[in-house]
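# Secondary and tertiary structure notes
Residue-level listing of the chains:
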Amino acid sequence: MADVFHLINHVQNAYARCIDNGNLEAWPEFFEENCTYKITTADNHALGLEAGVIFANSKGMLRDRVASLREANIYERHVYRHFLGQPWILSEEANEVRSETSFFVARIMRDGTTDVYATGRYIDVYGLNGSNAPRLRERIVVCDSSRFDTLLALPL
Amino acid sequence: MADVFHLINHVQNAYARCIDNGNLEAWPEFFEENCTYKITTADNHALGLEAGVIFANSKGMLRDRVASLREANIYERHVYRHFLGQPWILSEEANEVRSETSFFVARIMRDGTTDVYATGRYIDVYGLNGSNAPRLRERIVVCDSSRFDTLLALPL
Amino acid sequence: MADVFHLINHVQNAYARCIDNGNLEAWPEFFEENCTYKITTADNHALGLEAGVIFANSKGMLRDRVASLREANIYERHVYRHFLGQPWILSEEANEVRSETSFFVARIMRDGTTDVYATGRYIDVYGLNGSNAPRLRERIVVCDSSRFDTLLALPL
């Protein structure tokens, strides 16, 4: 288990670093070609509601999302800073690891204001592909709060 | 030391996960039958004052606390999200490990408001019992702030 | 890589613990005699501007800074609580390790108010010196926000 733990821990760190450094074009590369990426709320997740605030089911859709973010940055600029708890390994198979990880994201607005933007947990399925670079087959981002800022834009 | 570090790290992660997932009934199981659980402030702790905001000295008292929380949830619902630093191993004996760990707890109110609820450090004594499941013999929760919200309710 | 990762992880934990415990006199000991310590903003860092909000290039200057903090504590007392992401190892040589680490610092004022004080990343060069106690040859503290509180005082 220790090896898988460190492997997942490492890739999660890379994921957070990618977004926080503003390297959005590299973000879709953390996913498999056929993947699920969803942002939802704890309430909706508990009720089993399928719809998410944001939904994508292919790497192409993630790329489109980045492209539209780049075009649309007319709104107030802001950056994120992710902090992740340690991954909790739920199951480990030959080709797949399931894990849950708490996250906390601080948002820093252009004027310098910093606030707690979102907290929650990632519910992840990682494909292992026999390599040291696990890719996300599925990431459900379950936000603790049901209040979403209209600025929701950068990936969580 | 590495093994003990990972063992403590793992159980701390499980503890935070237990509370954040709302599984309060399982929370007392992280403690030994005869245990000390205390929430205090940094000021009182530095002065050597014994009294805490919350105090329990048996697993039974912790169970009672959970029961009363379940009955009393007439007040505004809220959830916590814990973030822990890495445990700092103070000492390691055959049956006992002492450690300190920083914590940060975000609170998410029913209306979606998220704030920094508490920061501080756990001062822990873990009983090892020759197993891979260390249990808390003592946890002193030293909160940095002396201002406590009257909603103080869920375990830290 | 794993060994260096754990070594750096450990010393970063010790660094945060030193400041959060108020043991400022020990803080310069995390640095080499000839060192660079700089606090700057993400904007200035991206522009390549050399000037920092705070700058020191010797352990002596860090000691002076601590001494003046001790003398000057007429202003409102406050404490910090650091939370660090995992170090990202950029390069590893025989005598030197370069890494980047996200940080989040909560500030607790005397009246109990807690806020997000600063977020950002440490860009570090650690000297290894063949020991298990790596020392900072260089630490650039890049704060995400360009708004600095006039209380900026304790080390980041």
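Structure's up top.
These remarks concern the structure in this document. (Residues numbered from 1 in each chain as written. Chains lettered and ligands numbered in written order. Predicted model: local features only at pLDDT ≥ 70, side-chain atom pairs only at ≥ 80, totals over all residues. Heavy atoms only, no water.)

## Description of the interface of chain A and chain B
Condition: For this analysis, residues touch if any pair of their heavy atoms sits within 4.5 Å. Values labelled buried area give the accessible surface lost by two parts on being combined, using a 1.4 Å probe and summing over both. Salt bridge, as applied in this entry: a Lys or Arg side-chain nitrogen positioned within 4 Å of an Asp or Glu carboxyl oxygen. N or O atoms within 3.5 Å of each other form a polar contact, as long as, within protein, one can give a hydrogen and the other can take it, and as long as residues adjacent in sequence are counted only when both atoms are side-chain atoms. Put simply, DSSP marks the helices as runs of H or I at least four residues long and the strands as runs of E at least two long, and each gets a number from the N terminus on.
Chain A puts 19 residues into the contact, and the matching count from chain B is 19 residues. Carbon and sulfur atoms make up 51% of the area that chain A and chain B hide from each other, which totals about 1600 Å². Broken down residue by residue, the surface that chain A buries against chain B is led by A:Gln86, A:Trp88 and A:Asp144, which jointly contribute 35%. Two residues, B:Arg17 and A:Glu100, come together in a salt bridge whose shortest N-O distance is 3.0 Å. Counting across the chain A and chain B interface gives six residue pairs in polar contact (both at pLDDT 80 or more). Contributions of two or more residues to the side of chain A that touches chain B are made by β4 (88-92), β5 (96-109) and β6 (114-127) of chain A.

## Observations regarding the pairing of strand β6 (residues 114-127) of chain B
Residues and elements named next belong to chain B. The cut-off we apply is this: Each residue's exposure class comes from its accessible area (1.4 Å probe, protein chains only) as a fraction of the maximum for that residue type: buried when under 20%, exposed when over 50%, partly exposed otherwise. Here, a strand pair is defined by DSSP locating no fewer than two bridges between the strands.
Burial analysis of β6 places twelve of its 14 residues in the buried class, the great majority of the element. In textbook terms, the turn of a hairpin is the stretch between consecutive antiparallel strands, and for strand β5 (residues 96-109) and β6 this stretch comprises four residues, one of which, glycine 112, has a positive phi near 100°. One ladder, built from eight bridges, connects β6 with strand β7 (residues 135-143); its direction is antiparallel. Paired with arginine 121 across the bridge in β7 is valine 142.

## A few points about the side chain of A:Thr41
Residues and elements named next belong to chain A. Along the chain, threonine 41 turns up in strand β1 (residues 31-41). On the basis of relative accessibility, which here comes to 7%, the residue threonine 41 falls in the buried class. Within the structure, threonine 41 has its side chain in polar contact with the backbone nitrogen of asparagine 44 (distance 3.1 Å).

## Focus: helix α3 (residues 59-71) of chain C
All names here are of chain C. This is how the line gets drawn: Under the convention used throughout, the expected extent of a helix is 1.5 Å for every residue step, that is, one less than its residue count. What the arc covers is the set of directions going from the helix axis to the C-beta atoms.
For α3, which comprises 13 residues, the first-to-last C-alpha distance of 19 Å matches the rise-based estimate of 18 Å (1.5 Å per residue) to within 8%. Those residues of α3 that sit buried are Lys59, Leu62, Val66 and Leu69. Angular distribution of buried residues about the axis of α3 spans 80°; they occupy a single face of the element. Summarising the geometry of α3, the exposed residues directed more than 90 degrees from the buried face are Asp64 and Glu71.

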